[in-house]
Amino acid sequence: MSKRVTTLAAAAVILTLAVEWAFRGASGMALVVAVLFWAAICQGMVALAAAADLSGARWFLPLREHLMGIYPLLFAFPALFLVFSANLFVYPWMEHPTRWLAPNFFVIRNAALLLLTAVAAHLWIRADRRGARSAKVFCTLYLFSFVVTQSLMAFDWVMSLEAPWINTLFGAYFFIEALYLGIAATALVALLRARRDPARYRPVLVDAAKLIFGFALLWAGQIFAQYLTIWYGNIPEEVGYVYKRVAVQPYGAMAVFVLLAMFVLPFGILVARAAKTHPVPIVAAAGLVMAGYVVEKLVFILPAAPVHPVALALEFVILGAPVACYLCARPDAPPS
Amino acid sequence: MIREYKFDDKAAFLHQLEELVRSGVHPRRLTVTTPFHVHEVEHILHLRPSWLKLFTLFGAAAGLTAGFAFTIGTALDWPLRTGGKPIVALPTYIIVAFELTILFGGVISFLGFLFLSRFPDIPAIVAGTECGPEFIIREDTGEAV
Amino acid sequence: MSLGTYFDQLEHDVLAAMRKPSKLYWIALVVSAAAFALGLGCWGWQIYEGLGVAGIRSPVGWGVYITDFVFWVGIAHSGTLISAVLFLFRAKFRCSFNRSAEAMTVIAVMTAGLFPLIHLGRCWFFYWLMPYPNQRHLWVNFRSPLIWDVFAVSTYFTISAVFFFVGLIPDLAIARRRFTGWRHWVFRILSLGWQGTAEQWKHYAWLYMFLAAFATPLVISVHSVVSWDFAMSVIPGWHTTIFAPYFVAGAIFSGTAMVITLVVPMRRILGLDNYITVDHFEAIAKILLFTSLIVSYSYIVEFVLAWYSGNPFEIAHFSFRAVGDYRYLYWLMLFCNGLLPLTLFVKRLRRNLKYLFVLSLFVNVGMWLERFVIIVSSLARDFDPYNWGNYAPRFVEIGVTIGSFGMFFMLFLIFTKMLPVLAIAEVKEHAS
């Protein structure tokens with residue numbers, strides 16, 4: 001399984017390189033959006049397994065091995081970021097680099113963090129499979145690197161498009177969203193498994209659905225905290241950033257869709273007890289969350305930098321194929 | 001006549017309860033007291049789900065409505081512009097409405113609990129009826145003593 | 001040991017804690033009451049002389065009283081986390097702590113609620129904060145975070161008190177059975193005639209779950225609202241989006257430390273070692289470590305992003321925090337909140353109750369200092385240098401702060417003798 005995943009990941013990197021070369025810079029931030037989404041899912045699922053391990057949560061156990069096994073895909077992301085580095089010209093600070101926002105340092109630190117996350121996951125899972133005591137140490141290291149990597153994805157990849165605007169919650173917001181996406185993906189996997197083995201996987205499905213419900217509320221709290229602070233303060237340094245994403249069309253309509261897709265609809269759909277075990281509401285909620293995430297990143301990025309829709313669609317599918325193949329794989333496949 | 005079965009052990013208690021129901025004793029003739037909540041009792045005795053959900057839903061809806069109605073109503077009643085904010089400043093009113101949703105939802109749920117459980121049970125308080133640490137089944141056999 | 005014997009022993013041990021107090025208890029109670037009396041005296045003096053006897057004046061209009069308010073509301077949050085959030089996550093270790101934690105919540109919110117009154121100066125006008133029809137046709141300003149606070153903290157107090165009482169009902173029935181005299185009558189009335197029938201438990205289980213489900217977003221929203229007292233302003237150090245989750249994590253952090261501060265001696269003095277084990281404390285220590293990491297993350301992000309922004313006011317403010325007039329408090333805060341809790345990565349230390357107790361004291365100090373540093377340093381150095389000015393608390397403020405601690409410990413000590421400190425029914429459920 002691991003070899004197949006690694007092969008698929010390598011193929012995805014090569015295909016993405018081909019797409020980026022074909023577009024020759026016209027793709028803009030398309031690869032960033034695709035990487036943000038798939039990295040959030042992959043890193044989020046591994047982070048969920050790590051958090052469940054450290055807190056001794058038992059609900060996760062039937063899915064644990066399968067979700068941890070996605071870690072080889074994490075090695076694709078540093079390579080993909082290096083592929084993206086050819087498009088750094090979209091960032092406004094490239095004209096006047098500073099000590100922090102300088103092209104070489106920018107690429108090196110982000111690629112290094114993505115690599116560290118992948119290596120930490122690898123060390124943890126390898127130690128875990130051997131039953132080594134160092135597993136807990138590497139598990140903690142993975143979570144640290146996950147938090148720092150996601151935070152820098154927020155501050156460096158997205159927030160710096162509007163430099164010198166700052167939003168201190170942005171980093172935490174991104175890693176909470178990564179966990180949110182991880183749970184949505186976990187719910188879909190649990191649903192697939194529950195069809196074949198309901199006794200074992202239905203409790204996992206119910207718990208995953210409850211977590212989607214809880215995270216919908218948590219997400220809403222985070223986005224509200226950001227919006228309220230900026231709206232209320234109404235200071236020129238930051239209110240313009242929100243204004244052009246909320247009051248200017250089509251971004252305003254997209255923002256409303258994000259709110260519906262990531263909070264209102266999953267909350268409303270999953271509030272009923274019966275909905276937490278039925279496939280249709282769960283697929284709908286998980287799908288909406290994922291769609292909402294992509295549109296939200298577009299709302300953040302589009303007013304400041306271009307995203308070629310065809311490049312985005314191609315890279316989305318290319319990067320998604322290995323993830324989808326892995327998640328839909330049969331549960332009996334032993335980890336190699 | 002009331003026949004009483006007392007148990008220290010939960011498994012033995014549940015087994016006896018199942019036996020009684022299976023042997024044809026109507027659940028309404030059985031009164032069960034336990035030292036803690038035992039989910040299985042509700043399945044065995046076919047108890048209807050609690051109506052408490054309705055109180056909670058009503059309370060939360062009332063709180064949400066009251067929160068928005070009150071804030072928007074008072075703002076429109078005396079439209080004072082403060083801090084450059086609009087008269088109907090919805091982001092700020094969401095917070096008040098959210099808190100009142102929880103407040104009304106919680107308090108009305110509690111009142112619903114008291115109502116559905118018939119608390120305070122004045123006859124029981126006056127009589128000083130006790131409940132022990134055992135699992136007890138009381139069967140009303142319907143026979144004369 | 002059979003289950004029946006275990007239940008009997010459990011009831012006996014927990015209710016034995018409510019018997020005649022020891023000399024140590026009386027000394028602790030008298031000291032707490034004396035501190036409370038000092039606080040009341042200082043407040044009385046302030047009412048008589050006016051708010052000028054306190055140290056707050058322009059530009060630092062918020063000082064120790066607001067620090068205390070945020071501190072006590074923060075302490076309250078951990079109780080709800082342990083009761084409600086851990087209940088929803090089905091964490092079994094919670095049932096040895098949750099009664100004490102819930103009592104701590106209710107008492108801490110009561111203590112916190114006094115501070116807006118104290119800070120008003122003319123506290124008899126407090127009702128102006130409530131929306132009621134008046135002949136001036138005035139309503140409260142719902143756009144102000146101070147009014148959101150009124151709603152948030154009132155809601156929090158009400159729901160916490162209801163949750164506390166509901167959790168107590170089955171245990172009050174147990175106490176009713178085991179006590180005689182006037183206490184028997186008090187428990188008889190307060191237990192509402194509880195019999196533990198299937199119908200009663202059915203409704204009870206639903207209510208408990210709904211209250212836990214309501215209390216969870218409440219935990220997050222209340223301290224977010226308290227943080228917005230600051231974040232809704234525009235001054236550097238206050239106007240930042242991270243305040244909401246930062247304050248919530250900080251609240252749970254300080255509250256968990258206070259749970260350890262209270263429960264470690266309580267367990268020893270009341271002889272509850274069999275029911276509140278070292279494993280339970282290790283689980284709580286992990287929560288302490290986790291929330292400390294979130295708080296440290298927030299410190300780092302705020303600091304680094306101030307520099308990143310290039311905003312001279314932000315940079316100047318964070319420099320002032322680190323090297324300015326309050327620098328010792330700032331570095332002590334970083335040590336107590338960021339550095340010291342890292343030692344909890346060592347399992348041996350997580351399981352050492354003496355170490356946990358001492359650490360919790362440092363965390364309590366560190367978290368009080370954090371609120372002080374945030375509030376005072378931002379007000380002391382805002383945009384215009386002409387408007388700069390330092391603040392030092394005066395005797396009245398220190399006296400009231402000591403009084404708040406006195407009130408908290410006094411009420412907690414009274415709780416340990418009046419009500420069961422462990423959730424007996426829940427411990428029975430887990431034991432079976």
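Computed from a predicted model, the values in this text were never measured in an experiment. (Residues numbered from 1 in each chain as written. Chains lettered and ligands numbered in written order. Predicted model: local features only at pLDDT ≥ 70, side-chain atom pairs only at ≥ 80, totals over all residues.)

1. Re the overall build of chain C
Each helix and strand counted, chain C has 15 helices and zero strands in total. Principal-axis analysis of the C-alpha atoms gives chain C an extent of 75 × 60 × 40 Å. The buried share among the 432 residues of chain C stands at 54%. For chain C, the share of sequence-separated contacts (at least 6 apart) that also reach a separation of at least 24 residues comes to 83%. (Helix = DSSP H or I, 4+ residues; strand = E, 2+ residues; numbered from the N terminus. Buried ≥ 20, exposed ≤ 12 C-beta atoms within 10 Å, placed from the backbone. Contact = placed C-beta atoms within 7 Å.)

2. Observations regarding the overall build of chain A
Summing up its helical and strand segments, chain A has twelve helices and zero strands in all. Shown N-terminal to C-terminal, the secondary structure of chain A runs as helices and strands in the order α-α-α-α-α-α-α-α-α-α-α-α. Against the globule reference of 20 Å for 336 residues, chain A gives a C-alpha radius of gyration of 19 Å, in line with a compact fold. Summarising its shape, the C-alpha atoms of chain A cover approximately 55 × 40 × 35 Å along the three principal directions. With 336 residues in all, chain A has 50% of them scored as buried. Within chain A, contacts between residues separated by at least 24 positions form 79% of all contacts whose residues are at least 6 apart in sequence. (Rg over C-alpha atoms; globule rule 2.2 N^0.38 Å.)

3. So, unusual backbone geometry
Following Ala163 of chain A, the chain continues to Pro164 of chain A via a peptide bond in cis, the omega torsion being 5°. Position of Pro164 of chain A among the secondary structure elements: in the loop between α6 (135-158) and α7 (170-196). Cis rather than trans, the peptide bond between Phe119 of chain B and Pro120 of chain B has omega equal to -10°. As for its placement among the helices and strands, Pro120 of chain B is situated in the loop between α4 (90-116) and α5 (122-127). For Arg24 of chain A, which is not glycine, the phi dihedral falls at a positive 50°. Along the chain, Arg24 of chain A falls in the loop between α1 (2-23) and α2 (30-55). Even without glycine at this site, Arg118 of chain B takes up a positive phi of about 60°. Within the secondary structure, Arg118 of chain B is located in the loop between α4 and α5. For Arg118 of chain B, a count of 15 C-beta atoms within 10 Å gives the class partly exposed.

4. Digging into α4 of chain B
Residues and elements named next belong to chain B. The first and last C-alpha atoms of α4 sit 37 Å apart over 27 residues, in line with the 39 Å expected at 1.5 Å per residue. For α4, the buried fraction is high: 20 of the 27 residues fall into the buried class. The first or second residue beyond α4 is Arg118, which carries a positive phi of 60°. (Expected span 1.5 Å × (residues − 1).)

5. Observations regarding the interface of chain B and chain C
Facing 56 residues of chain B, the contacting portion of chain C comprises 51 residues. Of all elements in the fold, only β2 (30-33), α2 (39-44), α3 (52-77), α4 and α5 of chain B reach the threshold of two or more residues within the side of chain B that touches chain C. When residues of the side of chain B that touches chain C are assigned to their parent elements, the largest contribution, 16 residues, is made by α4 of chain B. Residues belonging to the side of chain B that touches chain C are distributed by class as follows: 28 nonpolar, 18 polar and ten charged. (Nonpolar A, V, L, I, M, F, W, Y, C, P; charged D, E, K, R; others polar.)

6. Looking at the environment of Leu29 of chain C
Residue and element names in this part refer to chain C. Note that Leu29 resides in helix α2 (residues 23-49). Sequence separation of Leu29 and Gly406 is 377 residues, and the distance between their C-alpha atoms is 8.9 Å. The contact partners of Leu29, leaving out residues within four places of it in the chain, are Met410 and Leu413.

7. Digging into the sheet that holds β2 of chain B
Each strand in a sheet pairs with another by means of backbone hydrogen bonds, the pair being arranged parallel or else antiparallel. Residue and element names in this part refer to chain B. With antiparallel pairing, the three strands of this open sheet are ordered in space as β1-β3-β2. The outermost strands of the open sheet, each flanked by one partner alone, are β1 (2-7) and β2. Pairs of neighbouring strands in the sheet enclose a mean axial angle of 15°, with direction left out of account. In terms of strand pairing, β1 meets strand β3 (residues 135-140) through six bridges, oriented antiparallel. Paired with Lys6 across the bridge in β3 is Ile136. Strands β1, β2 and β3 of the sheet are contacted by helix α1 (residues 10-22), whose axis makes an angle of about 20° with β3. (Pairing = 2+ DSSP bridges. Axes fitted to C-alpha atoms, helices over the stretch in contact; angles between N-to-C directions.)

8. As for the packing of helix α1 (residues 3-16) of chain C against helix α15 (residues 424-431) of chain C
Helices that pack against each other are described as a pair by the angle of their axes relative to one another and the distance between those axes. Residue and element names in this part refer to chain C. One can describe the packing of α1 onto α15 by two numbers: an axis separation of 11 Å at closest approach and a directional angle of 150°. By the angle between their directions, the pair α1 and α15 is classed as roughly antiparallel. Regarding α1 and α15, the two cross each other, and that crossing is right-handed. Residue-level inspection shows Tyr6, Phe7, Leu10, Glu11 and Val14 of α1 in contact with α15, the latter providing Ile424, Val427, Lys428 and Ala431. (Parallel < 35°, antiparallel > 145°, perpendicular 65-115°, else oblique. Left-handed = near helix turned anticlockwise from the far one by under 90°.)

9. Concerning the packing of helix α11 (residues 327-339) of chain C against helix α13 (residues 353-380) of chain C
All names here are of chain C. Running from N to C, α11 and α13 cross one another at 140°; their axes reach a closest spacing of 8 Å. With respect to their mutual orientation, α11 and α13 come out oblique. Of the two elements, α11 crosses α13, and the hand of that crossing is left-handed. On α13, the residues that touch Leu329, Tyr330, Leu332, Met333, Cys336 and Asn337 of α11 are Phe362, Val363, Val365, Gly366, Met367, Leu369, Glu370, Phe372 and Val373.

10. What to know about the nonpolar core
If you look at the biggest cluster of nonpolar residues, it comprises 298 residues, and the most contacted ones within it are Val46, Ala184, Ala187, Ile212 and Val289 of chain A. The leading source of residues in this core is helix α7 (residues 198-231) of chain C, at 20 residues. Three or more residues apiece are contributed to this core by two domains, here domain 1 (2-49 + 130-140) and domain 2 (52-116) of chain B. (Core = buried A, V, L, I, M, F, W, Y, C linked by C-beta atoms within 7 Å. Domains from an automatic or database assignment.)

11. Concerning α1 of chain B
Residue and element names in this part refer to chain B. The terminal C-alpha atoms of α1 lie 18 Å apart, and with 13 residues this matches the ideal 18 Å at 1.5 Å per residue to within 8%. Looking only at α1, the buried set comprises Phe13, Leu17 and Leu20. All buried residues of α1 lie within an arc of 65° about the axis, which places them on one face of the element. For α1, the exposed residues set more than 90 degrees away from the buried face come down to Ala11, Ala12, His15, Glu19 and Arg22. Elements that come into contact with the buried residues of α1 comprise β1, β2, α2 and β3. With its phi angle positive at about 105°, Gly24 sits one or two positions after the end of α1. (Arc of directions from axis to C-beta.)

12. A few points about the confidence of the model for chain C
Model confidence for chain C is summarised by a mean pLDDT of 93, while 100% of its residues fall at 70 or above. Among the prediction metrics, the complex's ipTM stands at 0.94, with pTM recorded as 0.94. (pLDDT = per-residue confidence, 0-100.)

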